[in-house]
Amino acid sequence: MTAPTAGLRRFLTERPPRPERCELCAVAVPEADHRHLVDTEKRALVCACTPCALLMQQPGAAAGRFRAVPARYLTDPAHRLDERAWQALQIPVGVAFFFRNAALDRLVALYPSPAGATESELEPATWTEVLGGSPLAELLEPDVEALLLRRTDGHCECHLVPIDICYELVGRMRLLWQGFDGGAEARAALDAFFADVRRRARPVDGAGRP
């Protein structure tokens with residue numbers, strides 16, 4: 001067998017991964033540590049360098065199309081979610097996140113699954129009954145933040161988090177999911193993920209201030 005030609009070797013040789021780039025100015029950004037924006041027209045997350053993310057935080061930037069995802073993590077120790085409240089949300093798994101879609105002017109409930117992010121119907125009255133009593137619901141920024149919930153052993157925890165980490169969790173669960181309940185590896189990853197969220201989260205006071 002003759003040796004492959006130079007042109008053929010180009011396809012046989014594994015190519016190095018392309019560097020992550022800011023989707024506004026195309027500058028290279030660190031793969032594991034960079035900012036994200038929400039493209040409100042395409043309903044998608046886009047990567048951004050720090051200067052572009054700071055620019056998009058200014059009122060009126062890009063006519064409001066891009067919104068910078070904040071970096072805050074909050075929790076409300078005084079707000080308790082019991083089993084009855086979780087059942088009212090009608091989420092078939094133990095993890096879900098909720099955000100307000102500003103363009104549609106409605107709340108969206110999503111949960112991780114082997115197929116990715118799966119939407120669940122959520123009535124406004126149910127949101128008010130279950131989550132409306134927490135100041136986190138009042139602090140929630142549309143499109144860019146979410147309320148992240150997890151139920152374990154009859155206990156429910158709730159945190160206000162950047163929306164990009166919710167989709168990061170969805171992607172991780174999709175890669176690791178095995179069998180009916182996700183499997184041991186997926187559960188371990190979920191435990192580590194929420195441990196990091198709890199470490200980052202700052203409690204709000206009685207008046208709802210961080």
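Located above this text is the structure these notes cover.
Keep in mind that this is a model prediction, so the values were computed, not measured. (Residues numbered from 1 in each chain as written. Predicted model: local features only at pLDDT ≥ 70, side-chain atom pairs only at ≥ 80, totals over all residues. Heavy atoms only, no water.)

1. Remarks on the sheet that holds strand 7 (residues 116-120)
- The strand order across the open sheet built from seven strands is 7-6-5-8-9-4-10, with neighbouring strands paired in mixed fashion. At either end of the open sheet lies a strand with only one pairing partner, and these are strand 7 and strand 10 (202-203).
- Strand direction decides the pairing type here: strand 6 (residues 106-113) and strand 7, joined by five bridges, are antiparallel. Bridging across to strand 7, L110 finds its partner in E119.
- Where helix 6 (residues 163-176) meets the sheet, its contacts fall on strand 5 (95-101), strand 6, strand 7, strand 8 (145-152) and strand 9 (155-162), and the angle it forms with strand 9 comes to roughly 120°.
- Sitting on the sheet, helix 7 (residues 183-200) touches strand 5, strand 8, strand 9 and strand 10, and the angle it makes with strand 8 is about 125°. (Pairing = 2+ DSSP bridges. Helix = DSSP H or I, 4+ residues; strand = E, 2+ residues; numbered from the N terminus. Contact = heavy atoms within 4.5 Å. Axes fitted to C-alpha atoms, helices over the stretch in contact; angles between N-to-C directions.)

2. Comments concerning unusual backbone geometry
- Notably, A62 is not glycine yet its phi reads approximately 55°, a positive angle.
- Within the secondary structure, A62 is located in the loop between helix 2 (50-56) and strand 3 (66-68).
- Judged by its relative accessible area of 38%, A62 is partly exposed.
- At A63, a position not held by glycine, the phi torsion is positive, near 55°.
- Counting through the fold element by element, A63 comes out in the loop between helix 2 and strand 3. (Buried < 20%, exposed > 50% of the residue type's maximum accessible area, 1.4 Å probe, protein only.)

3. Section: the pattern of salt bridges
- For the structure shown, the criterion picks out 13 salt bridges.
- In this structure, R150 and D191 form a salt bridge, with 2.7 Å as the shortest nitrogen-oxygen distance. Remark: D191 occurs in helix 7 and R150 occurs in strand 8; sequence separation between them is 41 residues.
- Connected through salt bridges with shared partners, the residues D39, E41 and R65 form a single ionic network. (Salt bridge = Lys/Arg side-chain N within 4 Å of Asp/Glu carboxyl O.)

4. Section: the nonpolar core
- Of all hydrophobic cores here, the largest spans 26 residues; its most connected members are F97, L148 and L169.
- Of all the elements in the fold, those that place two or more residues in this core are strand 5, strand 6, strand 8, helix 6 and helix 7.
- Sorting elements by how many residues they give to this core places helix 6 first, with seven residues.
- When sequence neighbours within four positions are dropped, the list of residues in contact with F97 reads V108, A109, L110, A146, L147, L148, C166, Y167 and V170.
- Residues L74, A96, L122 and C158 belong to the second largest nonpolar core, which totals 24 residues. (Core = buried A, V, L, I, M, F, W, Y, C linked by side-chain atoms within 4.5 Å.)

5. Considerations on the packing of aromatic side chains
- Enumeration according to the criterion identifies three aromatic pairs in this entry.
- Aromatic side chains F193 and F194 sit 5.8 Å apart centroid to centroid with 70° between the ring planes, which places their arrangement in the edge-to-face category.
- By relative accessible area, F193 is classed as buried at 7%. (Phe/Tyr/Trp six-rings, centres within 6.5 Å; stacked < 30°, edge-to-face > 60°.)

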